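For reference, the chains in residue letters:
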Amino acid sequence: MEGNRKRWDTLKRDRMERIREAIPLVKMGKIVEASNAVKLLETVIKPYDKVTIEGDNQKQADFLADCLCKVDREQVHHLHMVQSAISLPSHLDVFEKKIASKVDFSYAGSQATRLAQFVKEGKIEMGAIHTYLELFGRYFIDLTPRVALTVAVSADKEGNLYTGFNTEDTPVVIEATKFKQGIVIAQVNEIVDKVPRVDIPGDWVDFVIQAPQPFYVEPLFTRDPANITDSQVLRAMMVIKGIYAEYGIQSLNHGVGFDTAAIELLLPTYGEELGLKGKICKYFSLNPHPTLIPAIESGWVESIHSFGGESGMADYVAARSDVFFIGPDDSLRSNRTYCQAAGHYGIDLFIGGTLQIDKFGNSSTATASRIAGFGGAPNMGCDPRGRRHSTEAWLKCGREDGVQRSLIGDLPRGRRLVVQLQETFREKMAPGFVDKLDAWKLAETAGLAIPPVMIYGDDLTHIVTEEGIAYLHKCSSLEERMAAIRAVAGFTEVGLEEKPEETTELRRKGIVRTPEDLGIDLSRANRSLLAAKNVRDLVEWSGGLYHPPAKFRSW
Amino acid sequence: MRKWEEMQERSFYESTARERAINLVDKGTFTELLAPIDKMTSPHLPILGEAVSFDDGVVTGVGKIGKRPVFVISQEGRFIGGAVGEVHGAKMVATFRLAQQSYEKIKEKYPNDYESRIPAVVISFETGGVRLHEANAGLLAHAEVMEQIQHCRGKIPVIGLVGSKVGCFGGMGFVVVATDMVIMSDRGRIGLTGPEVIEEAMGKKEFDASDKSLIYRITGGKHKYIMRDAAYLVKDTIGDFHKQVAEALKMSYDEVQSHRCIGSLKLVEEQLELVKIAAENNFKDATDVWAYFGNKKSDQIQDQFYDEFIREAKRRPRR
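Now for a look at the structure at hand. Being a predicted model, the structure only gives us computed values, none of them experimental. (Residues numbered from 1 in each chain as written. Chains lettered and ligands numbered in written order. Predicted model: local features only at pLDDT ≥ 70, side-chain atom pairs only at ≥ 80, totals over all residues.)

**Looking at the overall build of chain A**
- Helix and strand counts for chain A stand at 19 helices and 21 strands.
- The C-alpha radius of gyration of chain A comes to 25 Å, within 12% of the 24 Å expected for a compact globule of 555 residues.
- Along the three orthogonal principal directions, the C-alpha set of chain A runs to about 80 × 55 × 45 Å.
- Per-residue burial over chain A gives 57% buried out of 555 residues.
- Pairs at least 24 apart in sequence give 74% of the contacts found in chain A among residues at least 6 apart. (Helix = DSSP H or I, 4+ residues; strand = E, 2+ residues; numbered from the N terminus. Rg over C-alpha atoms; globule rule 2.2 N^0.38 Å. Buried ≥ 20, exposed ≤ 12 C-beta atoms within 10 Å, placed from the backbone. Contact = placed C-beta atoms within 7 Å.)

As structure tokens, this is what we get:
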């Protein structure tokens, strides 16, 4: 019997073995010299391991990603990458070099075109494209990393990590790896005697490497007000009057884009004029958008919890601890997992822009040649079926729902507002409404199991275009929804199918409302309504606390 | 259309060419010539399948400041980046000709009192230069405008204003410095080759076109003011530009001329001396040049707001 006894600690023993092999590379405590980084990876990573490289939305474990590309592929191969973002060229180079072979991820950003190419050429076996929460969830189910390559601002000799302004994914990546007997390697900008605050306890970290260069951060959430168009101002007025005021939206998430930046910049002007201060837009799940500064300074916003930071906003955020979540060291504590969960359950409204909406109301940012992934938008751009607390906005949207009664009878149940902002014709005259999404073509060319859809039509409650607002959730059939979409789709192929008598009926029912129906003076819909017209104005609003990166300093 | 008084407060940078044209002159005095209703459009663009604009991207007309007729040319950056095509250029040239005819008539009518009534030409530049779709006509237009500026010399002050979104680049970068006086806001930019083109030709190390801060240090109003390429730096409102033009029109013709960058042997020598200074000192950035001319905290200049900058800026001394 003795010989047959099953071992229940194989993972732990394997882990100990790998760590033991790496001991000669350790300089002191947990610190490994940057020059030994490649060797360390060759030692602790084994073929077929699941490996995560922390490629967040913003801060990047770029040094470790480069090192992984340099390992000997005789020793390390067939890795299964499980990472939230594919954002650096090196994230794909590991596949070109045949070090890794499979990927499960959330968001591809600037690597979207090359990723699609690799998948098509068979260089990458595609697992699935996830939302952030979905991927993080699977870290604790069937995609647990064996090795995590993470990134922090600083570490001490015991391995305590300070993630600073951009904590983002670090806690979830490390927790999933460490507690399933995996190995955690962190690159840091500097090694210090005492970290300003402990974001990750040292005993969760196995190795620390001071990278030769500070990690790369991309200012993804800054939109220069100078580039906001009059048409965006009009849609922002419609959103504020026809949706935020109409439903009394208190808690929300804004997708990143010029459309939502316009809304943020209209709160202190148009919103104030409509007497909405204190009645709408009090609680946000949101990165520290610089365009929200005027609304914050005017006293609109009570609380903002953030997925990550934003370049140049550190001093401003630190000085507004009533609004943001701030650590004992006075800097922002962001956390993508918590913020996504908060955004999924805690908010009444999600609003964002998209590339294409089809005639049924499904929307996608995919094009035939790019696998862009989802990021976090679908976690907020959906109705959370597990929500059980009620707010007036949520209940009103549920009451108006055209099909709910036919499913659950007369029981009151609310509904998340999911709003898509769309220009009927986008840049380069690309139509914003299409008969069939390009996502279908992408699924075919890249061999994906399903077309990547950002927001499904049945989750979508409102579409806002310069033609008007379609209150889709009020519709009682797919036919009616399609008619409402046509009514706001302008001169696109979808919009040209509009039947005027149908639209008249929809306007009568309040399912479609034009700017005139909403009582919006079109002659006022221009940039002069913006509380800040350029980045310099934002700096002025912030009292000099906002320090925009050079690429935004237009003065 | 909003009231003239309201428009004086409006950002010059944010305003359309027509808003600028109407409100740069005294209230209610502007008459547009070859307005959109005349539909004089580019003959070349339709052949290329491109959309036309009924004013071909430039507003021309005449108004008054005080007693003086002011002939206005105002370029519209929202139409092909304010680029100069055949009609656009012809409208500019025709406006100069009208100004000269007006000068002769006034002189004839008020032989003893014409100096306080002589016309001026004001150009609100917002352009990337030649419209590549009609490049030959566009280039010719540049030359003709230069010639018209020469015809005006000794008679009619020509004032260039730069403070709009596109700035003043390409061939029009040459034209603007050939005017008698340049007035800018700190949001205005003047240059010859656009930032992206420099980057493409010389590499990102030499010029990073995504670095807006760098672009403004090299081409922006503050730099041009320190270097005296711009005679005056004003705040970014139509009213401030209007007031500065009105001030200029109170000056004697010789005083206006004293702000020229080129146009005499002495001025050419002055420019060549600058080239020499630049070569000798091996400046790495505009901040080095500012420091050379006595600005001690040159690294803070870029972040200074208008009043502080005007109070503290040390400008290139003139010979």
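**Here we look at the overall build of chain B**
- Of regular secondary structure, chain B possesses 13 helices and 7 strands.
- Considered along the principal axes of its C-alpha atoms, chain B spans approximately 55 × 55 × 40 Å.
- Taking all 319 residues of chain B together, the buried fraction comes to 46%.
- Long-range contacts, defined as pairs at least 24 residues apart, comprise 71% of the intrachain contacts of chain B with a sequence gap of at least 6.

**Remarks on the sheet that holds strand β17 (residues 417-421) of chain A**
- Read from one edge to the other, the open sheet built from 8 strands follows the order β13-β12-β11-β14-β17-β19-β20-β21 (chain A), with strand pairing classed as mixed. Only two strands of the sheet have a single neighbouring strand rather than two, namely β13 (303-305) and β21 (512-513) of chain A. (Pairing = 2+ DSSP bridges.)

**A word on the interface of chain A and chain B**
- With 8 residues of chain A in contact, the opposing surface of chain B contributes 12 residues.
- Here the residues of the side of chain A that touches chain B sort into 3 nonpolar, 1 polar and 4 charged. (Nonpolar A, V, L, I, M, F, W, Y, C, P; charged D, E, K, R; others polar.)

**A few points about the sheet that holds strand β4 (residues 120-125) of chain B**
Residues and elements named next belong to chain B.
- Taking strand neighbours across the sheet as the criterion, the 7 strands line up as β1-β2-β3-β4-β5-β6-β7 in an open arrangement whose pairing is mixed. Sheet topology places β1 (31-33) and β7 (232-234) at the edges, where each strand pairs with a single neighbour. If you compare each strand with its neighbour and ignore which way they point, the axes differ by 25° on average.
- One ladder, built from 8 bridges, connects strand β2 (residues 58-65) with strand β3 (residues 68-75); its direction is antiparallel. Following the sheet pairing, G63 is matched in β3 by V70.
- Where helix α3 (residues 86-109) meets the sheet, it contacts β2, β3 and β4, and its direction lies at approximately 175° from that of β3. (Axes fitted to C-alpha atoms, helices over the stretch in contact; angles between N-to-C directions.)

**Describing the packing of helix α6 (residues 132-139) of chain A against helix α12 (residues 336-345) of chain A**
Residues and elements named next belong to chain A.
- Their axes nearest at 10 Å, the elements α6 and α12 cross at an angle of 120°. Classified by the angle their axes make, α6 and α12 are oblique. Here α6 runs over α12; the crossing is left-handed. In this structure, α6 contributes Y132, L133 and F136 to the contact, and α12 contributes R336, T337, Q340, A341 and H344.
- Partitioning the contact of α6 with α12 into residue classes produces 4 nonpolar, 3 polar and 1 charged. (Parallel < 35°, antiparallel > 145°, perpendicular 65-115°, else oblique. Left-handed = near helix turned anticlockwise from the far one by under 90°.)

**A short note on the environment of I280(A)**
Residue and element names in this part refer to chain A.
- Here I280 lies in the loop between α9 (258-273) and β12 (283-285).
- A count of 23 C-beta atoms within 10 Å places I280 in the buried class.
- In this structure the C-alpha to C-alpha distance between I280 and L538, which are 258 residues apart in sequence, comes to 22 Å.
- With residues near it in sequence (within four places) discarded, I280 still touches Y244, A245, G248, I249 and Q250.

**Quick word on helix α7 (residues 170-178) of chain A**
- Taking burial as the measure, the 9 residues of α7(A) include 8 buried ones, the bulk of the element.
- Packing partners of the buried residues in α7(A) comprise β3 (50-53), α6, β7 (147-155), β9 (183-191) and α12 of chain A.

**Some words on the packing of helix α3 (residues 62-69) of chain A against helix α4 (residues 89-96) of chain A**
All names here are of chain A.
- Contact geometry for α3 and α4: axes closest at 9 Å, N-to-C directions at 15°. Between α3 and α4, the angle falls in the class roughly parallel. Taken as a pair, α3 and α4 cross one another with a handedness that is left-handed. From α3, A65, D66, L68 and C69 reach across to α4, where they touch S90, H91, D93 and V94.
- For the contact of α3 with α4, a count of residues per class yields 4 nonpolar, 2 polar and 2 charged.

**Considering unusual backbone geometry**
Residues and elements named next belong to chain A.
- Positive phi, normally seen in glycine, also occurs at C281, with a value near 55°.
- Of the residues examined, C281 has 25 C-beta atoms within 10 Å and is grouped as buried.
- The phi torsion at M429 lies on the positive side, around 60°, for a residue other than glycine.
- As for its placement among the helices and strands, M429 is situated in the loop between β17 and β18 (433-434).
- The exposed category is assigned to M429, around which 6 C-beta atoms lie within 10 Å.

**Regarding α6(A)**
Residue and element names in this part refer to chain A.
- Where α6 is concerned, the buried positions are Y132, L133, L135, F136 and Y139. The arc enclosing the buried residues of α6, seen along the axis, measures out at 165°, which places them on a common side.
- Where α6 is buried, its residues contact β4 (79-85), β5 (100-107), α7, α12 and α13 (377-380). (Arc of directions from axis to C-beta.)

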